Amino acid sequence: MWSSIRNKIVLFAIFPLTVIYSIIFAVHILETLRAAKVNVEEFMEQQAGHFSGLLNNQLQFIESIGETFTQSLAWEQTLADRKILISNTLHFDTSIHAILSGSPGKGVVYSLNKNHLTEQPWKNVQGKKIVTNQWGWSLPIDSPIDGQKVVVYKLHGLDNLYFTVAVKTLLDVLNKENPRNLRFEIVNRDSTFIYSDMRSTRPDKSLLNTAERIGSASLLELVNGPIKNGMRGIGTVYFRDWPTWYFASPVPQAGWMLLTHTRETYALADARQSAIFSGLFLLLALLVITACVLKVSGLITNPLVRLTQAVDKLGDGHWFLDYRHRSNDETGRLARSINAMAARLSERDEALKEMRASNISHIAENLRGRYFYYMLDERGQLIYISPSVSDILGYSSESLLESAGHSFLRSSQFRRFYRSVRGVLRGQTKNETLQLELPHQSGTTRTLELINVPIVELNGSISGVEGMGHDVTELVSDSRKFRGLLEAAPDAIIITDKSLTILMVNERAESLFITDRSDLVGKPLAILGRNQNKPLFPQRITPDEVTSRQLSFESLCSKSDGKLFPVEMATSPLVTETETLITIVIRDISDRKRAERDLRHARDLARVGDKTKTQFLSNMSHELRTPLNGILGHVQLMLRENGLSDDQRISLETIGDCGEHLLMLINDVLDLTRIESTRPTVQLASINLRTTLDKVCRILSPRAQRKGLDIQLNVDDHLPEYVLTDVTKLRQVLINLLGNGIKFTDKGHIQLKVVKDNDRIVYIVSDTGIGIAVEDQESIFSPFQQARADSTRGGTGLGLTICQRLVTAMGGGLKVASSPGCGSRFYFSLPLRKSEAQSEAANELLTDSSCQVRLEPGKQIRILVVDDSFNNRRLLVRLLDDAGFETLEAVNGEDALQSIKSRQPELVLMDIHMPVLTGVDALRQLQHDGNPVPVIALASSLTTESDQQYQELGFSGYISKPFKLDCLLNEIGRVLNIEYVRTGDDHA
């Protein structure tokens, strides 16, 4: 480290001199500061005594005025004379703020206002009497005149007579002779503040409190020593890490202590500024000395350093030395000797290189195939090329060397070659093989394989590049056809070896990854992925699988700008004579993934919409079914009454049929809203076909009669009496078609004809109305569409749409045949499913209005009816009471739980939607309590799966509102396993 001559000069001359000089100067400055501190302390102590004397003289003067005032007051007998004396005294010395006579709250305050004596009551501002010390002076109080801080002096010889002196007046006396802007504090002997101008003492009543609060031992020592004993003293106190000098001096006239204080930084500012100037002068002197020494040492060492650098280059094989030293001293003679030695070594090195190049050239010419050898210097310039290059490119080696290789490298691929050469010279690449297409002298193109290697000297430095060229034009002629096919492929194709190193890519791969193929060839396949340290293949695929069989999978690739995109990859191994190649086809599937993502998003939105729609339909169904439940229920109650006339019974049955038709319409309209998402379900039941068709015609008869129309029913006698079909949907379709016929027919008739056609039933509804134009016959089945001639007759345009969907769900297709003015004919066919008469007959027996169903005599069954609707609850109670059951009532789930616990019914009919506690929550509470009472759910549902859903929740049964009496009694009988008895009706 210290072998340099310059460093030795610095170490053994400049450094010791600087250290010694700095130590002497530091000692001088410290001694100067110490002496300055002693002088300043002595001066400040004198100043403290001076200011305490000024304050003491002022107080002594006020006391002398008080004695004179006391003596004069004794001679004055009248009140007017005394007031004149008081006025003269206040005019004589303005430091006397006021004269107090009496006591607070009971005395008088005399003061001057615009040189006129004023007299006012002495208000009790302090709330207590004035207390003075043994010298007659009090602590500061608020002036009863203007509220400023004053001290009170009690006049000797007179009771309850005082002078008030403004504290500000006393400070004015001190500040008149305070050119150094010293700060003051006045305290009692017990350290209580008379005055303080420091913000740090404002929270405290005494200096002792301040010392204890800030934890200053020196300030405590000053308080308990000089201040308490009334003696002079000095102390250093730290406020917020700033040292402050305190000088205490007694004011014997009032028993006070005057404290002057100043920050140490202010007191020693001049001394420290002088020390700083001295330090800067020392630093400047050292810098000048150092610069002179460095300049002299540089004149000695710089030639030696440059000579050393030249010798180092000579050792690295750089025979040309650019160092010239013209002096005739020892350094100049040494430099000329080294230059002569470098010239001789350069000549010897060139001879060795030419011999080596000639030997390698002979080897290249004798190899099988077409080879040539070349060399480049450290600047990348061509310096040798073997004569065999003329057999390959047509140029002689001499012509290539004379043109500095420009003809050899004039092609468009010069940049690739030169980039490889620069990498070799920098030691970044070794043994890199390039395949270039270079021009032949005849104008054709030859394909060459070139390999460049560095020329490494003994010291490890690279002095040039040597390489071997091989003509592979014939070898690659067949591969050009393959490359043509490769470039024409619509997908990106990459060919790798067994280690997944990229050997070949097509143009589509360049555009897909936005990079030149030269940046891909020779690189690992992993550079195309998002993580260059991991393969592109999924973890489940092993390297052996890639080289042994065809694979197809999806992955993520990265463009040259870092943007990731999804791809579909297909790999196929190709085994050749020398190695195994892997063909990889890559297809960008960004558009497909985007479409899939959009579809998933649309699906999720549709699911949310379906859920919202289902909730709305559920609420709407509940609100619509509730009033219908009351209507149909009371109709059933009235039909069970004895003594009804035939007209009354027919009217009630018509009301019931109409109510059921309204319920059917409500259900089907709500079903229409679910057509796009769910297919209508079909519920097959055994019906009496003729009776059902007759009821449909009977429902619409009043409407037809009001227009003077006739409804005709024609049923084929070959049809069975009982069939299996969805009676609800069939009735809705027929009522809708017949209703349309009535709406659009002004005279004539509407006919419902039902015939058998092999294994199907054909339903035909025809009318003699206005007809439908041919161009409108297809659009009328679309939602919200009507024929142009129909638009004036009202309607929503949903009826035929509903009919078509319902007929399709039942296994048929609705069609129309019509022409304007000739009426219309709608027809459809449904599968013919025969049914046993017993099942329908048994149902008819139970539902026949001519009989009443009751419990067997002697049986008592208690049923709890739970519903928040009073009408629904009363309807159920009446129906059950009429059937012989004992009933209880509850208005919500919580009320039901209490009734079950106290009355123990055999069965509970539970509404699902209730306030306070729903039916489902009430059932869960019963299950939690272990109560086995069976519960039948009463609910308005939209789906046929409701029965199964409520069974899964734990309900024993399920009845949909509005319910029929037979369905209600059948469900109760099934759950409780009981039988009923029938009694005939006596109305005749």
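All values reported here derive from a predicted model rather than from experimental measurement.

A separate point is the overall build of the chain. When helices and strands are counted, the chain shows 25 helices and 35 strands. When the 988 residues of the chain are sorted by exposure, 42% land in the buried category. Of the contacts made within the chain by residues no fewer than 6 positions apart, 56% connect residues no fewer than 24 positions apart. Accessible surface for the chain amounts to roughly 54,300 Å². Of this, 53% is attributable to carbon and sulfur atoms.

Another aspect to go through is the side chain of Ser686. Inspection of the secondary structure assignment puts Ser686 in strand 22 (residues 685-688). According to the relative accessible area criterion, Ser686 is buried, its value standing at 14%.

On to the packing of aromatic side chains. Two aromatic rings, taken as a pair, are described by how far apart their centres are and by the angle between their planes. As enumerated under the stated definition, the model contains 12 aromatic pairs in all. Ring geometry for Trp245 and Phe247: centres 6.5 Å apart, planes at 85°, overall edge-to-face. Each of the two residues, Trp245 as well as Phe247, counts as buried. Seen in terms of ring centroids, Tyr763 and Phe828 are 5.1 Å apart; in terms of plane orientation they differ by 20°. Their pairing is stacked. Of this pair, Tyr763 sits in strand 26 (residues 760-767) while Phe828 sits in strand 28 (residues 824-831), placing them 65 residues apart in sequence. Take Tyr763 and Phe828: they sit in the same class, and that class is buried.

Leu734, Tyr763 and Phe828 are the most contacted members of the largest nonpolar core, which has 40 residues in total. Among the elements of the structure, helix 17 (689-706), strand 23 (710-715), helix 18 (727-743), strand 25 (749-757), strand 26, helix 19 (799-809) and strand 28 are those that each provide at least two residues to this core. When near neighbours in sequence (up to four residues on either side) are disregarded, Tyr763 contacts Leu689, Leu693, Leu730, Leu734, Lys753, Val754, Phe826, Tyr827, Phe828 and Leu830. Listed in part, the 39 residues of the second largest apolar core include Val40, Leu54, Phe69 and Val151.

Read across the open sheet, the 5 strands follow the order 18-17-21-20-19; overall the sheet is antiparallel. Two strands lie at the open edges of the sheet, namely strand 18 (502-505) and strand 19 (551-558), each paired on one side alone. Shown here is a sheet whose adjacent strand axes are inclined to one another by a mean of 30°, direction ignored. Of the pairings in the sheet, the one linking strand 20 (residues 564-575) to strand 21 (residues 580-588) comprises 9 bridges and is antiparallel in character. Counterpart to Thr571 in the pairing with strand 21 is Ile584.

Moving on to the packing of helix 4 (residues 207-214) against helix 5 (residues 217-229). Contact pair helix 4 / helix 5: the axes reach a minimum separation of 8 Å and the direction vectors enclose 155°. For the element pair helix 4 / helix 5, the angle class is roughly antiparallel. Viewed along their axes, helix 4 and helix 5 form a crossing whose handedness is left-handed. Across from Leu207, Leu208, Thr210, Ala211, Glu212 and Ile214 in helix 4, the residues of helix 5 making contact are Leu219, Leu220, Val223 and Ile227. Tallied by class, residues from the contact of helix 4 with helix 5 come to 8 nonpolar, 1 polar and 1 charged.

For Thr244, the position within the fold is in strand 10 (residues 242-251). On the basis of relative accessibility, which here comes to 4%, the residue Thr244 falls in the buried class. Look past the residues within four positions of Thr244 in its chain and what remains in contact with it is Gly235, Thr236, Val237, Phe239, His261, Thr262, Arg263 and Glu264.

Attention now moves to the environment of Ser138. With respect to the helices and strands, Ser138 occurs in the loop between strand 3 (116-121) and strand 4 (141-142). For Ser138, a relative accessible area of 3% translates into the label buried. Taking the C-alpha atoms as reference points, Ser138 and Lys154, 16 residues apart in sequence, are found 8.3 Å from one another. Sequence-distant contacts of Ser138, defined by excluding residues within four places in its chain, comprise Ile130, Val131, Thr132, Val151, Val152, Ile194 and Trp256.

Here we come to the environment of Val465. For Val465, the location among the structural elements is in strand 16 (residues 462-471). Here the alpha-carbon distance between Val465 and Pro454, two residues 11 residues apart in the chain, equals 4.6 Å. The residues touching Val465, leaving out its near neighbours within four places in the chain, are Tyr374, Met375, Leu376, Val421, Val424, Leu425, Asn452, Val453 and Ile455.

Turning to helix 3 (residues 167-175), its buried residues are Val167, Leu170, Leu171 and Leu174. Buried positions in helix 3, seen along its axis, are confined to an arc of 100° and lie on one side of it.

This part is about the sheet that holds strand 32 (residues 907-911). Overall, parallel pairing links the 5 strands, which are arranged 31-30-32-33-34 in an open sheet. Both edges of this open sheet fall to strand 31 (886-890) and strand 34 (957-960), since each of them pairs with a single strand only. Shown here is a sheet whose adjacent strand axes are inclined to one another by a mean of 20°, direction ignored. The strands touched by helix 21 (residues 870-882) within the sheet are strand 30 (862-866), strand 31, strand 32 and strand 33 (935-939), with strand 31 carrying the most contacts at an inclination of about 170°.

Right, let's get into a positive patch on the surface. A surface patch of positive charge is lined by Arg415, Arg416, Arg419, Arg422, Arg426 and Lys523. The residue Arg415 is located in helix 11 (residues 414-425) in this model. Overall, Arg415 belongs to the exposed group, its relative accessible area being 63%.

Under the criterion given, the structure shown has 25 salt bridges. Its salt-bridge partner being Asp142, residue Lys149 comes within 3.1 Å of it at the nearest N-O pair. A relative accessible area of 46% places Lys149 in the partly exposed class. Residue Asp726 pairs with Lys729 through a salt bridge whose shortest N-O separation is 3.3 Å. Per residue, the accessibility class of Asp726 equals that of Lys729, and both read buried. Each member of the salt-bridge network shares a partner with another, and the members are Glu554, Glu568, Arg592, Lys593 and Glu596.

Moving on: helix 17. The terminal C-alpha atoms of helix 17, which comprises 18 residues, lie 27 Å apart, in line with the 26 Å expected from a rise of 1.5 Å per residue. Where helix 17 is concerned, the buried positions are Leu689, Thr692, Leu693, Val696, Cys697, Ile699, Leu700 and Ala704. By the N-cap criterion, in which a side-chain oxygen at the helix start approaches the backbone nitrogen of a residue two or three places on, helix 17 is capped by Asn688, the distance to Arg690 being 3.3 Å. Following helix 17 by one or two positions, Gly708 has its phi on the positive side, about 75°.

By the bridge criterion, 3 bridges tie strand 17 (residues 492-496) to strand 18 in an arrangement that is antiparallel. Each bridged residue has a counterpart across the sheet, and for Ile495 the counterpart in strand 18 is Met504. If you look at the hairpin formed by strand 17 and strand 18, you'll find 5 residues sitting between the two strands, and Leu500 has a positive phi there, around 65°.

This part covers the packing of helix 17 against helix 18. Helix-helix packing: each pair is described by the crossing angle between the helix axes and the interaxial distance. Relative to each other, helix 17 and helix 18 sit at 30°, their axes nearing to 10 Å. Judged by the inter-axis angle, helix 17 sits roughly parallel to helix 18. In this structure, the crossing between helix 17 and helix 18 has a hand that is right-handed. Every residue of helix 18 that contacts helix 17 at Thr692, Leu693, Val696, Ile699, Leu700, Arg703 and Ala704 is listed here: Val727, Arg731, Leu734, Ile735, Leu738, Gly739 and Ile742. Here the contact of helix 17 with helix 18 is composed, by residue class, of 10 nonpolar, 2 polar and 2 charged.

About the cut-offs
Residues numbered from 1 in each chain as written. Predicted model: local features only at pLDDT ≥ 70, side-chain atom pairs only at ≥ 80, totals over all residues. Heavy atoms only, no water. Helix = DSSP H or I, 4+ residues; strand = E, 2+ residues; numbered from the N terminus. Buried < 20%, exposed > 50% of the residue type's maximum accessible area, 1.4 Å probe, protein only. Contact = heavy atoms within 4.5 Å. Areas by Shrake-Rupley, 256 points an atom, 1.4 Å probe, with all protein chains shown as cover. Phe/Tyr/Trp six-rings, centres within 6.5 Å; stacked < 30°, edge-to-face > 60°. Core = buried A, V, L, I, M, F, W, Y, C linked by side-chain atoms within 4.5 Å. Pairing = 2+ DSSP bridges. Axes fitted to C-alpha atoms, helices over the stretch in contact; angles between N-to-C directions. Parallel < 35°, antiparallel > 145°, perpendicular 65-115°, else oblique. Left-handed = near helix turned anticlockwise from the far one by under 90°. Nonpolar A, V, L, I, M, F, W, Y, C, P; charged D, E, K, R; others polar. Arc of directions from axis to C-beta. Patch = residues over 30% accessible without salt bridge, like charges linked within 9 Å, V, L, I, M, F, W, Y side chains within 5 Å. Salt bridge = Lys/Arg side-chain N within 4 Å of Asp/Glu carboxyl O. Lys, Arg positive; Asp, Glu negative; His and termini not counted. Charge placed at Lys NZ, Arg CZ, Asp CG, Glu CD. Expected span 1.5 Å × (residues − 1). Polar contact = N/O pair within 3.5 Å; in protein donor to acceptor, adjacent residues only side chain to side chain.

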